[in-house]
Amino acid sequence: MRALVVTAVAAEADSVLTGLTPHPDAPGPEPRTLPLGYPRTKSGEGYLITRRDLPGAAFDVLVGGVGPAAAAAGTATALALGSYTLVVSAGIGGGFQPAAPPGSLVVADAIVAADLGAETPDGFVDVQALGFGHSVHLPPAELAARAAEATGALLAPVLTVSTVTGTAARAAELAARHPMAGAEAMEGFGVAEAAAAHGLSVLEIRAVSNAVGPRDRAAWRIGDALAALADGFRTLGPVLANWGERHDR
């Protein structure tokens, strides 16, 4: 089984790699640059991808960029160059309170494009209701449930937004439209769109760094969230490997 794990930034990728490295004293392969893609770093590098191997599974961890468009482009580039069984969107995000406090994990049972659509006099209408494609991707229910159980995560919808929530009014609006939502982030739906285009299953896991609501940088717990992400992947790796063994094409 070979899985592609897509993060937005290098710090998230480092946490995932830490979790997927059972013997830290034995260094794994160095990052490599995919042969396609425009420069994504100040030093002119393209998409960086790093491999980690566990019993029964190989994981390629990609730094795909911030936002749904960058995530979709990066994921599609990697999928065009390799053969995979599963795609995972992973990183930190905001948690809806009180269900997902900072430092906790959320595994998506639905990956929702929460702000892709149109504003109307009667309120927001999502892109699916407008008749242009769809607005939700569903991870395999068994896999999502097993991942949440193994990591102690909340199993709930994760919203993909292009603009991170920074006000109480916006948080209330999203919570009213998606009352079961556990977290918001910026890449999941883009990753899922690319995976679906290649006929692959997708999973999303988020470590909560802050509450969805008024922007308060002093209250952010990014370090705790990155540590939780690493801990999550320590237990998630074998779960994904087991699922992949039963579903490898």
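Our structure's up above, just so we're on the same page.
Overview of the structure. Fair warning: this is a prediction, and the values are worked out from it, not measured in the lab.

Cut-offs and rules
Residues numbered from 1 in each chain as written. Predicted model: local features only at pLDDT ≥ 70, side-chain atom pairs only at ≥ 80, totals over all residues. Heavy atoms only, no water. Helix = DSSP H or I, 4+ residues; strand = E, 2+ residues; numbered from the N terminus. Rg over C-alpha atoms; globule rule 2.2 N^0.38 Å. Buried < 20%, exposed > 50% of the residue type's maximum accessible area, 1.4 Å probe, protein only. Contact = heavy atoms within 4.5 Å. Lys, Arg positive; Asp, Glu negative; His and termini not counted. Charge placed at Lys NZ, Arg CZ, Asp CG, Glu CD. Axes fitted to C-alpha atoms, helices over the stretch in contact; angles between N-to-C directions. Left-handed = near helix turned anticlockwise from the far one by under 90°. Nonpolar A, V, L, I, M, F, W, Y, C, P; charged D, E, K, R; others polar. Core = buried A, V, L, I, M, F, W, Y, C linked by side-chain atoms within 4.5 Å. Phe/Tyr/Trp six-rings, centres within 6.5 Å; stacked < 30°, edge-to-face > 60°. Lys NZ or Arg CZ within 6 Å of the ring centre and 35° of its normal. Pairing = 2+ DSSP bridges. Polar contact = N/O pair within 3.5 Å; in protein donor to acceptor, adjacent residues only side chain to side chain. Salt bridge = Lys/Arg side-chain N within 4 Å of Asp/Glu carboxyl O. Parallel < 35°, antiparallel > 145°, perpendicular 65-115°, else oblique.

Digging into the overall build of the protein chain
Consideration 1: Within the protein chain one finds six helices and twelve strands.
Consideration 2: A compact globule built from 249 residues would reach a C-alpha radius of gyration of about 18 Å, and the protein chain, at 17 Å, matches this within 12%.
Consideration 3: Each principal axis of the C-alpha distribution contributes one length, and for the protein chain these read about 55 × 40 × 35 Å.
Consideration 4: The buried share of the protein chain, taken over its 249 residues, is 50%.
Consideration 5: Expressed as a percentage of contacts within the protein chain between residues at least 6 apart in sequence, the contacts between residues at least 24 apart total 78%.
Consideration 6: Here the protein chain contributes 16 positively and 24 negatively charged side chains, and the mean placements of these two sets differ by 4 Å.

Some points on the packing of helix 1 (residues 10–19) against helix 6 (residues 222–247)
Consideration 1: Where helix 1 contacts helix 6, the two axes come as close as 7 Å, and the packing angle between them is 35°. Considering how the two elements wind past one another, helix 1 and helix 6 form a crossing that is right-handed. Contact residues: helix 1 offers Ala11, Glu12, Ser15, Val16, Thr18 and Gly19, while helix 6 offers Leu226, Leu229, Ala230, Phe233 and Arg234.
Consideration 2: Residues belonging to the contact of helix 1 with helix 6 are distributed by class as follows: six nonpolar, three polar and two charged.

Points about the nonpolar core
Consideration 1: Phe59, Val88, Phe233 and Leu240 are the most contacted members of the largest nonpolar core, which totals 35 residues.
Consideration 2: At the level of secondary structure, the elements contributing two or more residues to this core comprise strand 1 (2–7), helix 1, strand 4 (57–63), strand 5 (86–95), strand 6 (105–113), helix 3 (141–151), strand 12 (201–211) and helix 6.
Consideration 3: At ten residues, helix 6 tops the list of elements feeding residues into this core.
Consideration 4: Of all hydrophobic cores here, the second largest spans 25 residues; its members include Ile111, Val158, Ala192 and Leu200.

Structural notes on the packing of aromatic side chains
By convention here, two paired aromatic rings are described through the distance between centres and the angle between planes.
Consideration 1: Summed over all chains, the structure comprises zero aromatic pairs.
Consideration 2: Its end group placed over the ring of Tyr84, Arg2 keeps NZ or CZ at 4.3 Å from the ring centre.
Consideration 3: Taking NZ or CZ as reference, Arg177 lies 4.1 Å from the ring centre of Phe124, over its face.

Details of the pairing of strand 6
Consideration 1: Strand 6 sits mainly inside the fold: eight of its nine residues count as buried.
Consideration 2: In the sheet, strand 6 pairs with strand 12 via three bridges, with the strands oriented antiparallel. Paired with Val106 across the bridge in strand 12 is Arg206.
Consideration 3: Where strand 6 and strand 10 (residues 154–160) come together, six bridges link them in parallel fashion. Residue pairing for strand 10: Val107 is matched across the bridge by Leu155.
Consideration 4: Direction of pairing for strand 6 relative to strand 9 (residues 136–137): antiparallel, over a ladder of two bridges.

Considerations on the environment of Glu12
Consideration 1: Examined against the element boundaries, Glu12 turns out to sit in helix 1.
Consideration 2: When the C-alpha positions of Glu12 and Ile92 are compared, they lie 7.2 Å apart, and in sequence the two are 80 residues distant.
Consideration 3: Beyond its immediate chain neighbours, meaning those up to four positions away, Glu12 contacts Thr7, Ala90, Gly91, Ile92, Arg206, Leu226 and Leu229.
Consideration 4: A distance of 3.2 Å separates the side chain of Glu12 from the backbone nitrogen of Val9, its partner in a polar contact.

A short note on the environment of Leu79
Consideration 1: Locating Leu79 in the fold gives a position in helix 2 (residues 68–81).
Consideration 2: Those residues within four positions of Leu79 in sequence are excluded, and the remaining contacts are Leu4, Tyr84, Val87, Ala194, Ala195, His198 and Leu200.

Quick word on the side chain of Glu184
Consideration 1: Inspection of the secondary structure assignment puts Glu184 in strand 11 (residues 183–185).
Consideration 2: Among buried charged residues, Glu184 stands out as having no salt bridge; its nearest opposite-charge side chain is Arg170, 5.5 Å away.
Consideration 3: Within the structure, the side chain of Glu184 is placed 2.7 Å from the side chain of Thr165, a separation counted as a polar contact.
Consideration 4: When sequence neighbours within four positions are dropped, the list of residues in contact with Glu184 reads Gly93, Gly94, Phe96, Leu159, Val161, Val164, Thr165, Leu174 and Val212.

Notes on the packing of helix 3 against helix 6
Consideration 1: Remark: helix 3 packs on helix 6, axes separated minimally by 9 Å, with the N-to-C direction vectors making an angle of 155°. Taken as axis vectors, helix 3 and helix 6 run roughly antiparallel relative to one another. Of the two possible hands of crossing, helix 3 and helix 6 adopt the one that is right-handed. Across from Glu142, Leu143, Arg146, Ala147, Ala150 and Thr151 in helix 3, the residues of helix 6 making contact are Gly232, Thr235, Leu236, Val239, Leu240, Trp243, Arg246 and His247.

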